[in-house]
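The residues making up each chain are set out below.
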Amino acid sequence: KLPTMKPLAFRSKPCNKNVNFTPTPIILDYEVEQWLLHGGPNDAQKQEIRSRFKQSVVSDQTGLDAREEKGVLKLTHQTAVFVLEHAATAKH
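Residues numbered from 1 in each chain as written. Predicted model: local features only at pLDDT ≥ 70, side-chain atom pairs only at ≥ 80, totals over all residues. Heavy atoms only, no water.

Peer 1: When you look at helix H1 (residues 32-39) in this model, what are you seeing that I'm missing?
Peer 2: One full turn of an α-helix is made of 3.6 residues, so residues set three or four places apart face in the same direction. Taken together, the buried positions of H1 are occupied by Val32, Gln34 and Leu36. Positive phi appears at Gly40, one or two residues downstream of H1, with a value of about 65 degrees. (Buried < 20%, exposed > 50% of the residue type's maximum accessible area, 1.4 Å probe, protein only. Helix = DSSP H or I, 4+ residues; strand = E, 2+ residues; numbered from the N terminus.)

Peer 1: Got a minute to help me understand the confidence of the model for the chain in this structure?
Peer 2: The predicted structure's coordinates, where accompanied by low pLDDT, should not be read in detail. For the chain, the average pLDDT comes to 75, and 63% of its residues sit at 70 or higher. Contacts for the low-pLDDT stretch residues 1-14, under 50 throughout, to residues beyond four places or in other chains number 29 contacts. (pLDDT = per-residue confidence, 0-100. Contact = heavy atoms within 4.5 Å.)

Peer 1: Even after reading the chapter, I still don't get unusual backbone geometry, so can you show me in this structure?
Peer 2: The phi torsion of most residues other than glycine is negative, and most of the peptide bonds are trans. Backbone geometry at Asp60 places phi at a positive 50 degrees, although glycine is not the residue there. Relative to the helices and strands, Asp60 resides in the loop between helix H2 (43-59) and strand S3 (67-69). Phi at Lys70 takes a positive value of approximately 50 degrees, unusual for a residue other than glycine. Within the secondary structure, Lys70 is located in the loop between S3 and strand S4 (72-86).

Peer 1: Help me understand the nonpolar core in this model?
Peer 2: Soluble globular proteins tend to pack their nonpolar side chains together in the buried interior. Ile26, Leu28, Tyr30, Val32, Leu36, Phe53, Ala66, Leu73 and Leu75 form the largest nonpolar core, which has 9 residues in total. Among the elements of the structure, strand S2 (19-31), H1 and S4 are those that each provide at least two residues to this core. With 3 residues, S2 is the single largest residue contributor to this core. (Core = buried A, V, L, I, M, F, W, Y, C linked by side-chain atoms within 4.5 Å.)

This is the structure in structure tokens:
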């Protein structure tokens, strides 16, 4: 199952006259179990991570919008893709 991706509004300007800089922020919604697969923590680490996310459902101490939906722990991770290209070759 792939994460849901939703673009955010984001404003930018060229970083200099020779390079165009275009950040593309995205939000990824994950199930905690799915997210754990990326880092490969051992069993004890997985339990600690799950525990912290369960605590964060109430307080959002992780800042990752930790929540439980139908018994499944979920989080939201914000990231960005940065695309740089020479202004001379840009196709706008």
